[in-house]
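So the chains spell out like this:
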Amino acid sequence: LESKGMGNLSDSAIQAQLERKHKARRPEDELPESLLEYAAMDDDDDSARPDAERCLAAFGPRVEVKLQESMRKLRRMRGTGVTGFRNEYLKALSENFEDQRAKTVVPLIEEFAERFVNADLPAWFYYAYATVEECAPIKEAGVGGEPPDCRPVGKGECLPRMINSKLVADNKGAAYEALWPWNVGTAVTDGCGILAHGLRLATELRPDWVLINLDIKNAHNELLRRIALLRLMRTRGLRHLVPAYYAQYAPKSRIYFRGCQREVIRATFDSEEAWRQGCPLAQLGFNVAILEEVKALDAALAAHGGFARFNHDDGYAFGPANVVFRAVADFERSLEPLGLELQGKKSTCYSRETDLSGKLAELGKPDLQFPVPVALRDEDTGALCLGKRDDEGRLFKAGEKEPSDDCEVVGVGCVVAGVPVGDQGFVRTHLMMTVGAAASKTRNITSMLSPECHHSLHTLNVRCLQPILSYWAQHVYSRHVVGRLADSALNAQPPAVAMDDALFACEARALGLTD
């Protein structure tokens, strides 16, 4: 229901965009030819030791994964890799069989999984298994006839996806020990809620300080694998995962598309750097890779009472205005050896009390803009929308490249983990936009299903439509969701009431109470 659609992979413009988002591996960034080169990093005299002993000393005991419960819980009708091998095939093998031969299936799969994650299989096998079918979920619609901005997601095979998911789940404790509190994207329960509530409180306690929302450009396709594996090797509690990451990411992954007729199209490029989006190993691997830089940013801000926190590749730096911009500039420079950079246009800044005009000049990098998120009201129509204000004071409506001269600012804030944080006008406008989109979806689904599919409409209402607003209701103040405001333009109807009206209308149609 929340999808913006998929990019057409038969379109050469979309293919070219995806190719630009897949960085080619430079000769100097090639990975070592053998896993033993990582094992040798902490071994001063390894010349006479057997390979197995060297790996044991470097990475610890062999990793095991138990898969019967994972196989049983696999979800049906999920996406597949390029071979079409489905979750259902594995799920059918997880039953408690009486037949003695059938009982050996799960142990054999677990034996294979152990060899798979410990880099025991031939290099050609990992090269073949790294092949992905790429899809392109739309992040932002195109403007002025331009193609939409798409996210390159590689769908790997179901079996390694299940194995890697279990591997990450088994290491949540170690991931928490390594990453908390700097990055809440892995192994932290309700990390988004912690960020939203914590950063809102911080801006209220220090209203004159500045919060910068950091966006790392194409993070999961730009990161250098060579550096990322070294970082994983240096993380004591997680270095036993190096064989699994190395084996699967040393080869360059072949990429295939599906055309409009489901035909298979071989891409003219491969996935050569970073962790493949769609792979269960990707988020943990990325969070570990940037941890040193995040810690350094946090320490620089902590010296002045501030802090830095990340949710995967989305970061938040908070501190005094004369400190936080310079610290962020240093942070961006520190990302360069990893192959990463910040997106100045998508990174934003916000302060409850400090006027940020002219502050960006302190960065010394004019390409970093850090606009301020704002809520806007059209002076002619009175319609509300979200937008941004740049350092020159120009206002831009969301999705538009040209400044708008006929708007006034009715609120200022920022978005933390999808949650609006800021003054009353900004939060209320953001919620109204969210509810407006949700109510529109509700009306569309109602009109399509109500004539003949009342039961399906009821099921969708209960399971899909009703929970849409729950996330925001949990993470903003109740007055923004249900309260009436003094500003008549923002007080047309509380967001929760507008959402309830749409849901009640949907259910009335599902029950046959209205036409």
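Computed from a prediction, not measured in an experiment: that's the story for all the values here.

K.L.:
Tell me about the overall build of the chain, and name the residues and values.
P.N.:
The helix and strand inventory of the chain stands at 22 helices and 15 strands. For 515 residues, the compact-globule estimate of 2.2 N^0.38 gives 24 Å, and the chain sits close to it at 25 Å. The buried share of the chain, reckoned over its 515 residues, is 50%. Long-range contacts, defined as pairs at least 24 residues apart, comprise 69% of the intrachain contacts of the chain with a sequence gap of at least 6. Total accessible area on the chain is roughly 24,500 Å²; 51% of this is exposed by carbon and sulfur atoms.

K.L.:
Mind laying out the sheet that holds strand 4 (residues 153-155), listing which residues take part and the relevant values?
P.N.:
Reading across the sheet, the 4 strands line up as 4-1-6-7 and stay open at both edges, with mixed pairing between neighbours. Strands with a single pairing partner mark the edges of an open sheet, and in this sheet they are strand 4 and strand 7 (264-271). Mean inter-strand twist for the sheet, computed between neighbouring axes without regard to direction, equals 40°. Pairing of strand 1 (residues 132-135) with strand 6 (residues 253-258), which is carried by 2 bridges, proceeds in the parallel orientation. Considered in strand 6, the bridge of Val132 is made with Ile255.

K.L.:
Describe the packing of aromatic side chains, naming the residues involved and giving the relevant values.
P.N.:
On inspection of all chains with the given rule, the structure shows 18 aromatic pairs. With 5.9 Å between their ring centres and 20° between their planes, Phe112 and Phe116 make a pair best called stacked. In this pair, Phe112 and Phe116 are both assigned in helix 7 (residues 105-117), 4 residues apart and thus about one turn of the helix distant. Aromatic pair Tyr245 and Tyr249: ring centres 6.5 Å apart, planes at 25°, arrangement stacked. Of this pair, Tyr245 and Tyr249 both sit in helix 14 (residues 242-249), separated by 4 residues, roughly a single helical turn. Note on accessibility: Tyr245 and Tyr249 belong to one class, buried. One aromatic cluster in this structure is built from Phe112, Phe116, Trp124, Phe125, Tyr126 and Tyr129. Positioned over the ring face of Tyr256 is Arg266, at 5.5 Å from the centre of the ring.

K.L.:
Before we move on, could you go through the confidence of the model for the chain and cite the residues and values that matter?
P.N.:
Note that predicted coordinates carrying low pLDDT should not be read in detail. Looking at the chain, pLDDT values average 88 and 93% of them are 70 or higher. Across the chain, the secondary-structure element scoring lowest on mean pLDDT is helix 3 (residues 51-59), at 74, and the one scoring highest is helix 16 (residues 291-302), at 98.

K.L.:
Report on the pairing of strand 14 (residues 407-416), specifying residues and quantitative values.
P.N.:
The element strand 14 is largely enclosed, with a buried count of 7 among its 10 residues. As paired strands, strand 11 (residues 372-378) and strand 14 are joined by 5 bridges and run antiparallel to one another. The residue of strand 14 that forms the bridge with Ala375 is Gly411. Alignment of strand 14 against strand 15 (residues 419-422), held across 4 bridges, turns out to be antiparallel. Its bridge partner being in strand 15, Val415 is matched across the sheet by Pro420. Linkage of strand 14 to strand 15, two consecutive antiparallel strands, is achieved through a turn of 2 residues, within which Ala417 is found at a positive phi near 50°.

K.L.:
Tell me about unusual backbone geometry, and please be specific about residues and values.
P.N.:
Here the residue pair Trp180 and Pro181 is connected by a cis peptide bond, since its omega of 5° sits within 30 degrees of zero. Mapped onto the elements of the fold, Pro181 is located in the loop between helix 10 (172-179) and helix 11 (191-205). Backbone geometry at Asn218 places phi at a positive 45°, although glycine is not the residue there. Residue classification places Asn218 among the buried positions, given a relative accessible area of 17%. One non-glycine residue, His312, lies in the positive phi region at around 60°.

K.L.:
Please provide a residue-by-residue account of the pattern of salt bridges, values included.
P.N.:
Evaluation of the coordinates by the stated rule reveals 29 salt bridges. For Asp149, the salt bridge is made with Lys21, and the minimal N-O distance between the two is 2.6 Å. In this pair, Asp149 sits in strand 3 (residues 149-150) while Lys21 sits in the loop between helix 1 (12-20) and helix 2 (36-39), placing the two residues 128 residues apart along the sequence. With respect to class, Asp149 is no different from Lys21; both count as buried. Among the salt bridges present, the one from Arg234 reaches Glu292, with a minimum N-O distance of 3.6 Å. Taken as a pair, Arg234 in helix 13 (residues 225-234) and Glu292 in helix 16 lie far apart in primary sequence, 58 residues in all. Under the relative-accessibility criterion, Glu292 is labelled partly exposed at 40%.

K.L.:
Tell me about helix 19 (residues 454-465), residues and numbers included.
P.N.:
Those residues of helix 19 that fall on the buried side of the exposure criterion are Leu457, Asn461 and Leu465. Seen from one end, helix 19 has its buried residues packed into an arc of 45°, which puts them on one side. Seen from the open side of helix 19, the exposed residues pointing more than 90 degrees away from its buried face are His455 and Arg463. The elements touched by buried residues of helix 19 are helix 18 (424-449) and helix 22 (495-510).

K.L.:
Could you give an account of the packing of helix 18 against helix 19, naming the residues involved and the relevant values?
P.N.:
The relative placement of two packed helices comes down to the angle between their axes together with the axis-to-axis distance. Following both chains from N to C, one finds helix 18 and helix 19 inclined at 160°, their axes separated by 9 Å at the closest point. By the angle between their axes, helix 18 is roughly antiparallel relative to helix 19. The way helix 18 lies across helix 19 gives a crossing that is right-handed. Only His454, Ser456, Leu457, Leu460 and Leu465 of helix 19 make contact with helix 18, whose side of the interface consists of Thr442, Ile445, Thr446 and Leu449. When the residues that make up the contact of helix 18 with helix 19 are grouped by side-chain class, the tally is 5 nonpolar, 4 polar and no charged.

K.L.:
Tell me about helix 11, and please be specific about residues and values.
P.N.:
Its 15 residues place the ends of helix 11 21 Å apart at the C-alpha level, agreeing with the 21 Å of an ideal helix rising 1.5 Å per residue. For helix 11, the set of buried residues is Gly191, Gly193, Leu195, Ala196, Leu199, Arg200, Ala202 and Thr203.

K.L.:
Can you break down a nonpolar patch on the surface residue by residue, with the values?
P.N.:
Together, Tyr176, Trp180 and Ile194 make up a nonpolar patch on the protein surface, roughly 250 Å² of accessible area in all. On the basis of relative accessibility, which here comes to 38%, the residue Ile194 falls in the partly exposed class.

K.L.:
Lay out the sheet that holds strand 14 in plain terms, naming residues and giving numbers.
P.N.:
Strand order in this open sheet of 5 strands is 13-12-11-14-15, and the pairing throughout is antiparallel. The open sheet is flanked by strand 13 (395-397) and strand 15, the only strands paired with a single partner. Averaged over all adjacent pairs, the angle separating strand axes in this sheet is 45°, with direction ignored. Strand direction decides the pairing type here: strand 12 (residues 384-389) and strand 13, joined by 3 bridges, are antiparallel. Considered in strand 13, the bridge of Gly387 is made with Lys397.

Parameters at a glance
Residues numbered from 1 in each chain as written. Predicted model: local features only at pLDDT ≥ 70, side-chain atom pairs only at ≥ 80, totals over all residues. Heavy atoms only, no water. Helix = DSSP H or I, 4+ residues; strand = E, 2+ residues; numbered from the N terminus. Rg over C-alpha atoms; globule rule 2.2 N^0.38 Å. Buried < 20%, exposed > 50% of the residue type's maximum accessible area, 1.4 Å probe, protein only. Contact = heavy atoms within 4.5 Å. Areas by Shrake-Rupley, 256 points an atom, 1.4 Å probe, with all protein chains shown as cover. Pairing = 2+ DSSP bridges. Axes fitted to C-alpha atoms, helices over the stretch in contact; angles between N-to-C directions. Phe/Tyr/Trp six-rings, centres within 6.5 Å; stacked < 30°, edge-to-face > 60°. Lys NZ or Arg CZ within 6 Å of the ring centre and 35° of its normal. pLDDT = per-residue confidence, 0-100. Salt bridge = Lys/Arg side-chain N within 4 Å of Asp/Glu carboxyl O. Arc of directions from axis to C-beta. Parallel < 35°, antiparallel > 145°, perpendicular 65-115°, else oblique. Left-handed = near helix turned anticlockwise from the far one by under 90°. Nonpolar A, V, L, I, M, F, W, Y, C, P; charged D, E, K, R; others polar. Expected span 1.5 Å × (residues − 1). Patch = residues over 30% accessible without salt bridge, like charges linked within 9 Å, V, L, I, M, F, W, Y side chains within 5 Å.

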